[in-house]
Amino acid sequence: MKSIGITTTVPIEFLIAAGFQPIDLNNVFITDANPERLVAIAERAGFPLNCCSWIKGIYGVCMDRGIDTVLCVTSGDCSNTVMLMEVLRHRGLRAIPFAFPEQSDPERMQTTLQTFAGLLGTTLSDADRVARELRPSRNLALKLDELTWKQNVVSGWENHLWLVSTSDFNGNHHTYYHQLQRLVADCCQRQPFPEETIRLAYIGVPPVYARDFYRYLENHGARVVFNEIQRQFAMPEPGESLAEQYANYTYPYSIYQRLKDITAELRRREVDGVIHYVQAFCHRGIGDIIFRDAINLPVLTLEGNDDFSLNSHIKTRIEAYLDMLHRARKGLNYRRQVVK
């Protein structure tokens, strides 16, 4: 199968049906042994310093790995992707645009997918067949998610890593399924995390410093039990068709659709606090205003750019936030004992 880079989660069922093997360029970038090197490739090519490091990393991956075909999401993700697409074309790559509809309407999505299928030379029925093949892997990822918040036997890092990988299933959904199957079996044999562990929700795009972030939280008595966008990559609401599945996928649409999903999960997972990650120079950071007003829990907003490990400033803010949550929980437990 011919490789095709993708700039975010897209209807990969159509790509696979058309004979492509999707590669999430974000995941390749952030798991590189030296992601700074990939950012530097873009900056030497002229990308400005005040451009999102994810965009620069995607460009760097394309140049470094010799990827010659990229599906660029021009609506529903990053506003910089439109110009990235133009630069990739300027460099001789084939850049295919894909735009999510402005509203999460299944009928509009059906029209979009029909056009997309025609562009790729495949059909809706072929994509439906691929969707059935992918569903066991998606369901297993959601099972891991349940083991994270309900049985409390999965770390926040493991949850993040396996859910975020459903954007392309690490290049092979069969291998992904079997590897995750072994992990799920292992998790079912574990002892749960201590009850006193602070339960956190993580909302926003995946962080550039994920590897440090989740482990740092767990080393300080907290654990992420809800990864918002990563869970959405696994398509938790598949509906009755691909049009419904991608209309129910919250990330490309209104922030209020995301809020509906977030607030329901905060209640269901009994979350103590919320960490909202914003990427430097990203328009989505403005949404922090709405999240802070709408979420009735303590919210810590963290920003990242090209710092691929936690710096001392972020560590201090995390520690202060967790200390506040620990104190609040102790106070609540004390009041409950008094009432009894």
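Structural notes on the environment of methionine 1
Step number 1: Structurally, methionine 1 is set in the segment before β1 (2-6).
Step number 2: A sequence separation of 316 residues divides methionine 1 from arginine 317, and the C-alpha atoms of the two residues are 46 Å apart.
Step number 3: Every residue in contact with methionine 1, bar those within four places of it in the chain, is listed here: Ile16, Gly19, Phe20 and Gln21.

Quick notes on the pairing of strand β5 (residues 198-203)
Consecutive residues of a regular strand have side chains that alternate between opposite faces of the sheet.
Step number 1: Here β5 lies mainly inside the structure; 6 of its 6 residues are buried.
Step number 2: Of the two faces of β5, the one carrying Ile198, Leu200 and Tyr202 and the one carrying Arg199, Ala201 and Ile203 are both buried.
Step number 3: Examined bridge by bridge, β5 and strand β6 (residues 222-227) share 5 bridges and lie parallel to one another. When the bridges of β6 are listed, alanine 201 appears paired with phenylalanine 226.
Step number 4: One crossover worth recording links β5 to the parallel β6 by way of helix α10 (residues 210-219), and it is right-handed.

Some remarks on the state of the cysteines
Step number 1: Scanning the entire structure with this criterion turns up 0 disulfides.
Step number 2: In this model cysteine 51 remains outside any disulfide bridge; the closest cysteine sulfur is found in cysteine 52, 6.3 Å from its own.
Step number 3: On the accessibility criterion, cysteine 51 (9% relative accessible area) is buried.
Step number 4: Considering cysteine sulfurs only, cysteine 188 is the nearest to cysteine 187, which forms no disulfide, with 6.9 Å between them.

Some remarks on the pairing of strand β2 (residues 20-24)
Step number 1: β2 sits mainly inside the fold: 4 of its 5 residues count as buried.
Step number 2: As paired elements, β1 and β2 share 5 bridges and run parallel to each other. Residue pairing in the sheet places glycine 5 in a bridge with isoleucine 23 of β2.
Step number 3: As for the winding sense of the linkage, the β-α-β connection from β1 through helix α1 (residues 12-17) to β2 is right-handed.

A look at the side chain of threonine 166
Step number 1: Within the secondary structure layout, threonine 166 lies in the loop between α8 (156-164) and α9 (173-187).
Step number 2: Judged by its relative accessible area of 1%, threonine 166 falls in the buried class.
Step number 3: Within the structure, threonine 166 has its side chain in polar contact with the backbone oxygen of phenylalanine 233 (distance 3.2 Å).
Step number 4: Once residues lying within four places of it in the same chain are set aside, the contact partners of threonine 166 are Ile12, Arg138, Ala141, Tyr176, Gln230, Phe233 and Ala234.

A look at helix α5 (residues 81-90)
Step number 1: Taken residue by residue, α5 has Thr81, Leu84, Met85 and Leu88 as its buried positions. End-on view of α5: buried residues confined to an arc of 105 degrees, all on one side of the axis. Opposite the buried face of α5, by more than 90 degrees, sit the exposed residues Met83 and His90.
Step number 2: The positive-phi residue at the C-terminal boundary of α5 is glycine 92, with phi of around 95 degrees.

Some remarks on helix α6 (residues 106-120)
Step number 1: With 15 residues, α6 extends 21 Å from end C-alpha to end C-alpha; this agrees with the ideal 21 Å at 1.5 Å per step.
Step number 2: Where α6 is concerned, the buried positions are Met109, Thr112, Leu113, Phe116, Ala117 and Leu120. The buried residues of α6 occupy one face: seen down the axis, they fall within an arc of 140 degrees. Those residues of α6 that are exposed and angled more than 90 degrees off the buried face are Glu107, Thr115 and Gly118.
Step number 3: Its buried side turned inward, α6 meets α1, β2, β3 (69-75), β4 (94-99), α7 (124-149) and α12 (242-248).
Step number 4: Note on α6: the residue one or two positions beyond its end, glycine 121, has a positive phi of about 80 degrees.

Looking at the environment of threonine 74
Step number 1: Mapped onto the elements, threonine 74 comes out in strand β3.
Step number 2: C-alpha of threonine 74 to C-alpha of proline 206: the two residues are 132 residues apart in sequence and 19 Å apart in space.
Step number 3: Apart from the residues lying within four places of it in its own chain, the contact partners of threonine 74 are Val82, Met85, Pro97, Phe98 and Ala99.

Examining the packing of aromatic side chains
Step number 1: Inspection of every chain in the model, using the stated rule, returns 18 aromatic pairs.
Step number 2: Ring plane angle 45 degrees and centroid distance 4.8 Å describe the contact between phenylalanine 47 and tyrosine 59, whose orientation is recorded as tilted. Taken as a pair, phenylalanine 47 in the loop between α3 (35-44) and α4 (53-65) and tyrosine 59 in helix α4 lie far apart in primary sequence, 12 residues in all. In terms of burial, phenylalanine 47 and tyrosine 59 fall into one category: buried.
Step number 3: Centroid distance phenylalanine 100 to tyrosine 249: 6.0 Å. Interplanar angle 55 degrees. Geometry classified as tilted. Note that phenylalanine 100 is positioned in the loop between β4 and α6 and tyrosine 249 in the loop between α12 and α13 (255-268), a separation of 149 residues in sequence. Both residues of the pair, phenylalanine 100 and tyrosine 249, belong to the buried class.
Step number 4: A connected cluster of aromatic rings, assembled from ring pairs, spans Phe14, Phe98, Phe100, Phe116, Phe233, Tyr249 and Tyr253.

Cut-off values and rules
Residues numbered from 1 in each chain as written. Predicted model: local features only at pLDDT ≥ 70, side-chain atom pairs only at ≥ 80, totals over all residues. Heavy atoms only, no water. Helix = DSSP H or I, 4+ residues; strand = E, 2+ residues; numbered from the N terminus. Contact = heavy atoms within 4.5 Å. Buried < 20%, exposed > 50% of the residue type's maximum accessible area, 1.4 Å probe, protein only. Pairing = 2+ DSSP bridges. Right-handed = clockwise from strand over helix to strand, strands pointing away. Disulfide = S-S within 2.5 Å. Polar contact = N/O pair within 3.5 Å; in protein donor to acceptor, adjacent residues only side chain to side chain. Arc of directions from axis to C-beta. Expected span 1.5 Å × (residues − 1). Phe/Tyr/Trp six-rings, centres within 6.5 Å; stacked < 30°, edge-to-face > 60°.

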